[in-house]
Number of protein chains: 2
Amino acid sequence: MAVQLAHRGRSLLSELAKCATPTAARFLHRHPTEMTLLEMLGSTNLRRSTPEDYRILREIVKSFERYSGVGNDIQLTLPERSANELIMIEKKREYEKGIMDPSKFAPGHHIFQVLHTVKQSPLFQVLRKMPKGAALKTHDTSMCSSRAVIEMTYRENLWVCTTHKGCRVVEFRFAKEKPKDLRHEDGEWQPMEKLRELRGEENLRKYLRVRLSMYPLASFTTNALAWRHMMGIFNLLDGLLQYAPLWGDYYYNALKEFYADGVQYLEVRSVLPELYCLDGSRLPKRETVQIYMDSLKRFKQEHPGFIDSKLIYAPIRHVQPEVVGQYVKECTELNKEFPNFVVGFDLVGQEDKGHPLSKFAEELLKLPEHINFYFHAGQTNWYGSHVDQNLLDAIVLGTKRISHGYTITKHPILMRLAKYLNIALEVCPVSNQVLQLGSDYRSHPAATLIAENVPMVVSSGNPGFWRAAPLSHDFYMAFLGIAPMTADLKFLKRTAKNSIRYSSLKDEGKAEAMEKWKKEWDKWVAKIVAEKDQALEDKK
Amino acid sequence: MAVQLAHRGRSLLSELAKCATPTAARFLHRHPTEMTLLEMLGSTNLRRSTPEDYRILREIVKSFERYSGVGNDIQLTLPERSANELIMIEKKREYEKGIMDPSKFAPGHHIFQVLHTVKQSPLFQVLRKMPKGAALKTHDTSMCSSRAVIEMTYRENLWVCTTHKGCRVVEFRFAKEKPKDLRHEDGEWQPMEKLRELRGEENLRKYLRVRLSMYPLASFTTNALAWRHMMGIFNLLDGLLQYAPLWGDYYYNALKEFYADGVQYLEVRSVLPELYCLDGSRLPKRETVQIYMDSLKRFKQEHPGFIDSKLIYAPIRHVQPEVVGQYVKECTELNKEFPNFVVGFDLVGQEDKGHPLSKFAEELLKLPEHINFYFHAGQTNWYGSHVDQNLLDAIVLGTKRISHGYTITKHPILMRLAKYLNIALEVCPVSNQVLQLGSDYRSHPAATLIAENVPMVVSSGNPGFWRAAPLSHDFYMAFLGIAPMTADLKFLKRTAKNSIRYSSLKDEGKAEAMEKWKKEWDKWVAKIVAEKDQALEDKK
């Protein structure tokens, strides 16, 4: 290595050699006029390294890596360091067990196969209680557990349409009298109580639990079939949840479930359906928003630790550009009426179908600047397809966040733009697996985002459909399966803080939110430390 | 968008607007003092874009992408452009069929399930005949088809050891008399002819075809089990192929099979076993090399279009550092004796086991500088493990290429170093799938290497074990499954040329090799064009 480096950098290296290792990189950062890592290595014949040169260089590169990933900017407090020790013991236990026998490593499997094992993992238990900040990607009717949804089928005046001689539930409807229209061949309407009697309460609950989830189909042959199945659940839920008196309760229950999972702030993407009443009449969209706001107000009164919730108007994308023009107008109107609640715009539904974002650009650009875009984009593995290109359009259209962006690591320029323009990616590990974009969390592209320190938050998507915790399973898979083995509490803290940083809250709102989150965070850390100390005490 | 940009870049944008689109990026490249893409977009409020601003910006970013991927530096000739049209028609046909029905897209499946479909694909047929340049990653006893290996079991004096009452073949041995040692419990030696009679020739061939491959196990539960199975094949082959009179024939046949698959140059990683004779005596390693050279000489005489072949000494990595010290000495000696043939050093075997490269650094650095390192590294999905760290060590130790480097996209700094130091990655798509690192080619990390234009070559590894063509299946999966839909003949040409560029040939050797390759390439292009013209003619 000596030769050229001797002239340019021997003194640098010897100073580095004197430093404690992590300082080596800091030294280079502090002396930007000195040669960069690339220059240093490039002007060097590495084959002439002495073993000492080799060790120093190795440490320099390693510390460059250490200082560039997500969380590198976080300084842990003393209690946090203590909690971190315990978290890393649990993490390493699972990791090393996995290296010994990869079949035992939960993130190497489909979530459906390891849901129960994960629930028993001490690491998961710790993460479950972790104050996670915000859940920035949720969808209006897939937030609640199926348990909660099944409870809702006990409401009065519910009718159910079945096919296959009562075997398959295809539609719900609240009505005073038996509905007359039949949208399903060979469908039959009956009161829900009657079906319950007929099939037996426990049996019907079990059936609905499967019917309202993607289980047991861990493996669909394609992403398209997984989508079809998922849309089937959404469709079935419409008749149940779009009943005006239920809509608010569903949302209230979602806030409750997320809050119990360590989430203090929610942004909900809603198609804002026109809700129906018992007589079949429909209410205008503004009523749907009003119901949201009323439920939120009630929830916040009853849960002072909760921060807030906002709404992103996110209608279905499978339409003509003119319709997007109408969406934009609706969003503008709703924002005028509910300026602190309806704060963003997106389009939802399987990206592969219908038009790409570029077709809607002209209409989209009419949205007033103060209403943010939070586009779904790049939820695909078709590299070079129009879905893949949505990523480019989302960015050029000025999106504030990207939902999924699964394909972004195949577009380094877009990845750099996201970093430069401070656009956060909403990474949804479990959703990506269930919708067949990847099978092993260790191959999830977000590993590159983490290494590159591209803004990202951990989100869940439709956790109700995969029986996952509102956000904890996604954090578990991201922390253990996607991030490097060395990612620790700094990673978790940065990710939690990011969720507030990249929320649609205004600056003052963010400061307040951070405070509320910090209070919970400190309590959580203190509790880990106390339990650890207690365990040590017990051992004595 | 206007506001700030108006001051800094309105004139730039208007000049851009006048350009044909691809020129926009070139303009920015030609005017490096002008604001960069990042600066331009960063100083811009994209939400204030007019539809025209949006379209221009979109095209600028797109053309940046177009000019940064692998192959962007290639200018196609007129005949190449014509051939490219046909290739892209076939590629798009498969791609679009796949988007319509993803279950029909070959790169979405395990190669074992689509081997026959792929063989019938017109795109594959074109790629099969493509002059691919060099195969830079091959292993001594996994290069030939099992058909060829089975032929070798017809040689005289071959004994076979079976267990389970003749049902399982566990060892081969050439000997005058029945071997006396038994390394397998319940093993029995018998002449190969006798086993053939006993089980029936056709049956035994069928059995061996399975026994000598990873089939039918498309899915092992873990990477470790896949490795164990593969090592079982290597072990079985030892007794057969390490017979001195056969070793050269195997290599000769490998050259023949690769050459027929469009490969004109091979670098073979060999453990250089001490070959045995009929009386059981062992020859020194230098004889193994001599046999290679004699066979190569014969092959080159008989195939003047073939370029050359070189050897990388690559003993097993599961040893103590002292042993690596001996390896290094052996390699130095062999290189002295065969300076134009033994040109590189590597260590092989499952990286997860034994010591990481860092443990061997001191010994490795003793290898004379003119013998190159071509390290295996990062063939794992354990991010942050010691296998993952081998990547760092390979680079800091001054490797010229990296075999696999599967995990490199999780290390952007190392990826940048590889690019800066001109270290090529040997990407082996099919091997990675069979050894359970990924299941869908569309998720292969090499997509990022392609987008970032990190030096890479397409390689195969152990094609004989997965019944794949020597290199064509890897090219097919890389071209259709990993690269973007838009990657075309420019990508293929750059990848083929890279294989010579990153070979261990000296500069003059490379120039000569390029010439020999170019001759075949032009013939191939001309043939595609002629067939296309003929087809058009026939239609009239």
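Residues numbered from 1 in each chain as written. Chains lettered and ligands numbered in written order. Predicted model: local features only at pLDDT ≥ 70, side-chain atom pairs only at ≥ 80, totals over all residues. Heavy atoms only, no water.

Visitor: Is there a simple way to explain helix α21 (residues 489–501) of chain A in this structure?
Guide: The α-helix winds at 3.6 residues per turn, so residues separated by three or four positions along the chain end up facing the same way. Residue and element names in this part refer to chain A. End to end, α21 covers 18 Å across 13 residues, agreeing with the expected 18 Å (1.5 Å per residue, within 8%). Among the residues of α21, those classed as buried are L489, F491, L492, K493, R494, T495, A496, N498, S499 and I500. Between the side-chain oxygen at the start of α21 and the backbone nitrogen of K490 there is a gap of 3.0 Å, and the oxygen is on D488. (Helix = DSSP H or I, 4+ residues; strand = E, 2+ residues; numbered from the N terminus. Expected span 1.5 Å × (residues − 1). Buried < 20%, exposed > 50% of the residue type's maximum accessible area, 1.4 Å probe, protein only. Polar contact = N/O pair within 3.5 Å; in protein donor to acceptor, adjacent residues only side chain to side chain.)

Visitor: It is not clear to me how helix α17 (residues 412–420) of chain A should be interpreted in this structure. Could you clarify?
Guide: Within α17 of chain A the residues assigned to the buried category are P412, I413, L414, M415, L417 and A418 of chain A. Trailing α17 of chain A by a residue or two, N422 of chain A shows a phi angle of about 60°, which is positive.

Visitor: Looking at this model, I keep getting lost on the sheet that holds strand β6 (residues 308–313) of chain B. Mind explaining?
Guide: The strands making up a sheet associate through hydrogen bonds between their backbones, and the pairing can be parallel or antiparallel. Residue and element names in this part refer to chain B. Spatial strand order, β1-β5-β6-β7-β8-β9-β10-β11: 8 strands in an open sheet with parallel pairing. Every other strand in the sheet has two partners, leaving β1 (133–139) and β11 (456–458) as the edge strands with one partner each. Within the sheet, the average angular offset between the axes of one strand and its neighbour, ignoring direction, is 30°. Of the pairings in the sheet, the one linking strand β10 (residues 424–427) to β11 comprises 3 bridges and is parallel in character. Bridged to V427 within β11 is V458. Contacts from helix α14 (residues 321–337) reach β6 and β7 (342–345), with the element oriented near 160° to β7. (Pairing = 2+ DSSP bridges. Axes fitted to C-alpha atoms, helices over the stretch in contact; angles between N-to-C directions. Contact = heavy atoms within 4.5 Å.)

Visitor: It is not clear to me how empty space enclosed by the protein should be interpreted in this structure. Could you clarify?
Guide: Rolled over the atoms, a probe sized like a water molecule indicates the empty space that remains. Scanning all chains against the criterion turns up 10 cavities of 30 Å³ or more. In this structure, the largest cavity spans a volume of roughly 270 Å³. Along the wall of the largest cavity there are 22 residues; nearest its centre are S443 and P445 of chain A together with T409, S443 and P445 of chain B. For the lining of the largest cavity, the elements supplying multiple residues, two or more each, are α19 (446–452) of chain A together with α19 (446–452) of chain B. (1 Å grid on protein atoms, 1.4 Å probe; cavity = no way out; pocket = protein on both sides within 12 Å on 5 of 7 lines; lining within 4 Å. Points joined across faces, edges and corners; volume = space filled by probe spheres on them.)

Visitor: Is there a simple way to explain the UniProt feature "domain: Adenosine deaminase" (unreviewed entry) in chain A in this structure?
Guide: As annotated in UniProt, the feature "domain: Adenosine deaminase" (unreviewed entry) corresponds to residues 220–516 of chain A in the numbering used here. Helix makes up 49% of residues 220–516 of chain A and strand makes up 12%, while its end C-alpha atoms are separated by 42 Å. (UniProt positions renumbered as here; feature names shortened; annotations may be inferred.)

Visitor: When you look at the sheet that holds strand β8 (residues 372–377) of chain A in this model, what are you seeing that I'm missing?
Guide: Residue and element names in this part refer to chain A. Pairing is parallel across the open sheet formed by 8 strands, whose spatial order is β1-β5-β6-β7-β8-β9-β10-β11. Each edge of the open sheet carries a strand with a single partner, namely β1 (133–139) and β11 (456–458). Taking each pair of neighbouring strands and ignoring which way they run, the sheet shows an average axis angle of 30°. As paired strands, strand β7 (residues 342–345) and β8 are joined by 2 bridges and run parallel to one another. Its bridge partner lying in β8, G344 is registered against N372. Of the strands in this sheet, β5 (263–270), β6 (308–313) and β7 are in contact with helix α13 (residues 285–302), which crosses β6 at around 165°. Set on the sheet, helix α14 (residues 321–337) makes contact with β6 and β7; between it and β7 the angle comes to about 160°.

Visitor: Would you take a moment to explain the pattern of salt bridges for this structure?
Guide: Side chains bearing opposite charge may pair, as long as their charged atoms lie close to each other. Inspection of every chain in the model, using the stated rule, returns 62 salt bridges over all chains. With its nearest N and O atoms 3.1 Å apart, the salt bridge here joins R173 of chain A to E171 of chain A. Classification of R173 of chain A by relative accessible area gives buried; the value is 19%. Across the pair E452 of chain A and R416 of chain B runs a salt bridge, and its minimum N-O distance is 2.7 Å. Highlighted residues: E452 of chain A in helix α19 and R416 of chain B in helix α17 (residues 412–420), drawn from two different chains. E452 of chain A gets classed as buried once you look at its relative accessible area, which sits at 13%. Salt bridges sharing partners connect three or more residues here, namely E267, R269, D346, R401 and E426 of chain A. (Salt bridge = Lys/Arg side-chain N within 4 Å of Asp/Glu carboxyl O.)

Visitor: For this particular structure, what's the right way to read unusual backbone geometry?
Guide: A negative phi angle characterises most non-glycine residues, just as the trans form characterises most peptide bonds. The omega torsion of the bond from Y215 of chain A to P216 of chain A falls at -5°, within 30 degrees of zero and hence cis. With respect to the element layout, P216 of chain A can be found in the loop between α10 (201–211) and α11 (223–241). Positive phi is not limited to glycine here, since H164 of chain B has a value of about 50°. Positive phi, normally seen in glycine, also occurs at K165 of chain B, with a value near 55°.

Visitor: Sorry if this is basic, but what is going on with the environment of N223 of chain A here?
Guide: Residue and element names in this part refer to chain A. Tracing the chain through its elements places N223 in helix α11. The exposure class of N223 is buried, given its relative accessible area of 13%. If sequence neighbours within four positions are ignored, N223 has contacts with Q350, D352, L435, Q436 and L437. A distance of 2.9 Å separates a polar side-chain atom of N223 from the backbone oxygen of L435.

Visitor: Sorry if this is basic, but what is going on with the relation of the copies chain A and chain B here?
Guide: Aligned on chain B, chain A shows an RMSD of 0.1 Å; the corresponding rotation is 180° and the shift along the axis is 0.0 Å. Each copy turns onto its partner about a two-fold axis. Both copies share a contact surface, since 99% of the interface residues of chain A are interface residues in chain B too. (Least-squares fit on C-alpha atoms with pLDDT ≥ 70 in both.)

Visitor: Explanation requested: the packing of aromatic side chains in the structure shown.
Guide: The geometry of an aromatic ring pair is captured by two quantities: the separation of the ring centres and the angle between the planes. Residues and elements named next belong to chain A. Using the criterion set out here, one finds 44 aromatic pairs over all chains in the structure. Seen from their ring centres, Y252 and F299 are 5.2 Å apart, and the 80° between their planes marks the pair as edge-to-face. You can see Y252 sitting in helix α12 (residues 244–260) and its partner F299 sitting in helix α13, a full 47 residues away along the chain. For the pair shown, Y252 and F299 are each scored as buried. For the ring pair Y259 and F306, a centre distance of 5.6 Å and an interplane angle of 90° mean the geometry is edge-to-face. Taken together, the residues span a long stretch of sequence, with Y259 in helix α12 and F306 in the loop between α13 and β6 at a distance of 47 residues. (Phe/Tyr/Trp six-rings, centres within 6.5 Å; stacked < 30°, edge-to-face > 60°.)

Visitor: Can you help me understand a negative patch on the surface in this one?
Guide: Residue and element names in this part refer to chain A. Together, D507, E508, E512 and E515 give the surface a local cluster of negative charge. Secondary-structure assignment places D507 in helix α22 (residues 507–539). Note on D507: relative accessible area 60%, which makes it exposed. (Patch = residues over 30% accessible without salt bridge, like charges linked within 9 Å, V, L, I, M, F, W, Y side chains within 5 Å. Areas by Shrake-Rupley, 256 points an atom, 1.4 Å probe, with all protein chains shown as cover. Lys, Arg positive; Asp, Glu negative; His and termini not counted. Charge placed at Lys NZ, Arg CZ, Asp CG, Glu CD.)

Visitor: Help me understand the interface of chain A and chain B in this model?
Guide: By a widely used convention, the size of an interface equals the accessible area lost when the partners come together. Across the boundary between the two partners, chain A contributes 74 residues, which contact 73 residues of chain B. Around 6,700 Å² of area is buried between chain A and chain B when both sides are counted, 63% of it from carbon and sulfur atoms. In terms of surface lost to chain B, no three residues of chain A exceed R47, W382 and Y383 of chain A, which account for 14% of the buried area on that side. Inspection of the chain A/chain B interface yields 6 salt bridges. If you look at where chain A meets chain B, you find 31 residue pairs in polar contact (both at pLDDT 80 or more). Within the residue set of the side of chain A that touches chain B, elements represented by two or more residues are α3 (37–42), α4 (51–66), α5 (78–100), α15 (357–364), β8, α16 (386–396), α17 and α19 of chain A. Ranked by residue count, the leading element in the side of chain A that touches chain B is α4 of chain A, at 9 residues. Split into classes, the residues belonging to the side of chain A that touches chain B amount to 39 nonpolar, 20 polar and 15 charged. (Buried area = accessible area lost by both parts, 1.4 Å probe. Nonpolar A, V, L, I, M, F, W, Y, C, P; charged D, E, K, R; others polar.)

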